[in-house]
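Architecture at a glance
Listed here are the chains, written in short residue letters.
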Amino acid sequence: MADFGEILKAVGEFGLFQKVTLFALSFPTLILPFYFASVLFTESDPERHCNTDWILRTDPNLTTEEQLRLTLPQDHDGNFSRCQMFVPVDWDIDSIREYGLNDTTACQDGWVYGNMLYKSTIVTDFDLVCDKANLVEVAQTVMMAGIVVGCVAFGPFAESFGRKRAVQIPSILLFIFTVATAFCPNFDLYLTAQFLLGIGYGGYRLNSIILATEWIGMSKRSWGACVAQLCSAVGQCFLAGIIYFIRNWRLAQLITAAPYAVLSIYIWFIPESARWLVERGKTKEAQEIITKVAAINKQTLTDSTLEKIVTKEPEKKGGIIILIQSSLLRKYFFIVALAWFSMNVVYYCLSFNMAKLGLDIFLTQTIFGLSEIPAHILCIWLLEKVGRKVSLLTTLVILGVVCILILVVPQGNAVAVTTLATIGRLLSNWAASICNVYVQELFPTCFRQTAAGLGNIGSRLGGMLAPLVNMLAVHHWTIPIAVYSGLTIISAALCYLLPETRDKELPDSTADAEGRQDEPCLGEWL
């Protein structure tokens, strides 16, 4: 059997078919950042006071100022309490005025919000304030947990049932639970919908990149991951604009659902990965698809080329067993997974702290998106010119240094802090693109999807732990920054042990993947 890379050269490594498929699979990533809108644009500490309309039953003509003065205790600074109220009593208004109220309690009938940046957020709709304020971080963590489960479920699923099915099912989940989230009447149902939405997010993001990459030839392979990241950066800018004009998280959810209604229709017309079909022994189906791809790319496919696409003997070991039995591939996997984990901790720690950076949140979000667009374009070029190993190692080192610099600049300097945070997010995204490419080139076809899924789990665990890392700031604001900057430096050091995979065909067998240990590697020289 011919190497599948030779077959791709015959049908066109990056022809019209690959470009259309890549765009169709990457287009939804324009919208994926919108799923974080409800947990990013929250205004975590809105201006508020307890609802004390009970006193209006004694005198409906009370002014707002007098109502607050009679029913709310005052803090040391003279402002009305945001979380406490006087215990309601069954007195007439004259007695209340004469004797006053002394016993306090937590708000019993909800809150009244004022001077809001947004019309509606999960904080105000579900009253996530005072003793429930930390539930915003819980919501962030729950969605990340869903993404982890999506990677766990749909990675091995794609190995057994195909890349196409592993993209179609998450697409439907994304559409259904985006709509469901918008109509959640309480916080418990909101968490459930976010978790299921995260499953769809994780499954789609993981498998769409690999489905696109397995159709792209060696010379343009980095486009598979980087174009998806590029679309995500553009989506960051769109997100800032939509939230600026809408400022209602439920309506933003419904707007997000519209493109996914379109996705859930056209996703059924994207063909299966021929590489996976050949590996699974479905030669006839692979030949039919490859013939159609050659026609779309206006390439002539000879009978001799088709005859090379023959059934090969499946690997006796596959999936997670490969990771258990091969110490070399196990080493590669844990190094890439740790790098993925580290950069995602940084990315989400900075993202979830966006409202605390000091600048306007809409401006900050737009800066984040705009800065990432040229970065991903440059990343595509550097991956092909410099290589995967040097790119990943250098990116992680610079990322760690940038995080450390946040500790140095005065925290009152919003421009400097926001600039460093923007560079940090940019580098984190850059590292994610490299990891997405690297994990596909290091592992064989029979384990590639599982490896990417497990790697994404490490990545999403970083995102899931990010809110908890940020909570360490209650002890000292420097602790979270010290944690995630240290992680990136350690990851960078371990990347010396990885081989270079630039200009190498994707390995189809474990032997192909393990054979790269003989190639020059700086880790072997140390």
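Scope of this entry: the structure provided in the associated data block. (Residues numbered from 1 in each chain as written. Predicted model: local features only at pLDDT ≥ 70, side-chain atom pairs only at ≥ 80, totals over all residues. Heavy atoms only, no water.)

A look at the overall build of the protein chain
Along its length, the protein chain carries 23 helices and four strands. By its C-alpha atoms, the protein chain is 100 × 50 × 40 Å across when sized along the principal axes. Taken across its 526 residues, the protein chain has 57% of its residues classed as buried. Pairs at least 24 residues apart make up 80% of the contacts formed inside the protein chain by residues separated by at least 6 positions. Carbon and sulfur atoms form 62% of the exposed surface of the protein chain, whose accessible area is close to 21,500 Å². (Helix = DSSP H or I, 4+ residues; strand = E, 2+ residues; numbered from the N terminus. Buried < 20%, exposed > 50% of the residue type's maximum accessible area, 1.4 Å probe, protein only. Contact = heavy atoms within 4.5 Å. Areas by Shrake-Rupley, 256 points an atom, 1.4 Å probe, with all protein chains shown as cover.)

Re the state of the cysteines
Each disulfide is one covalent bond, formed between the sulfur atoms of two cysteines. Summed over all chains, the structure comprises two disulfides. Note on cysteine connectivity: cysteine 50 is disulfide-linked to cysteine 107, with sulfurs 1.7 Å apart. Disulfide cysteine 50-cysteine 107: torsion about the S-S bond near -60 degrees, hence left-handed. Residue cysteine 50 is found in strand E1 (residues 47-50), and its partner cysteine 107 is found in the loop between strand E3 (104-106) and strand E4 (111-114); the two are separated by 57 residues along the sequence. Here cysteine 50 and cysteine 107 have matching classes, each one buried. Shown here is the disulfide that connects cysteine 83 with cysteine 130, its sulfur atoms set 1.9 Å apart. Because the sign of the S-S torsion sets the handedness, a value of about -90 degrees for the bond joining cysteine 83 and cysteine 130 places this disulfide among the left-handed ones. (Disulfide = S-S within 2.5 Å.)

A look at the side chain of glutamate 500
Tracing the sequence through the fold places glutamate 500 in the loop between helix H21 (478-494) and helix H22 (510-514). Look at glutamate 500: it is buried, it has no salt bridge, and the nearest opposite charge is arginine 388 at 4.8 Å. Engagement of the side chain of glutamate 500 in a polar contact is seen with the backbone nitrogen of arginine 388, the distance being 2.9 Å. A polar contact of 3.1 Å, which involves the side chain of glutamate 500, links it to the backbone nitrogen of lysine 389. (Lys, Arg positive; Asp, Glu negative; His and termini not counted. Salt bridge = Lys/Arg side-chain N within 4 Å of Asp/Glu carboxyl O. Polar contact = N/O pair within 3.5 Å; in protein donor to acceptor, adjacent residues only side chain to side chain.)

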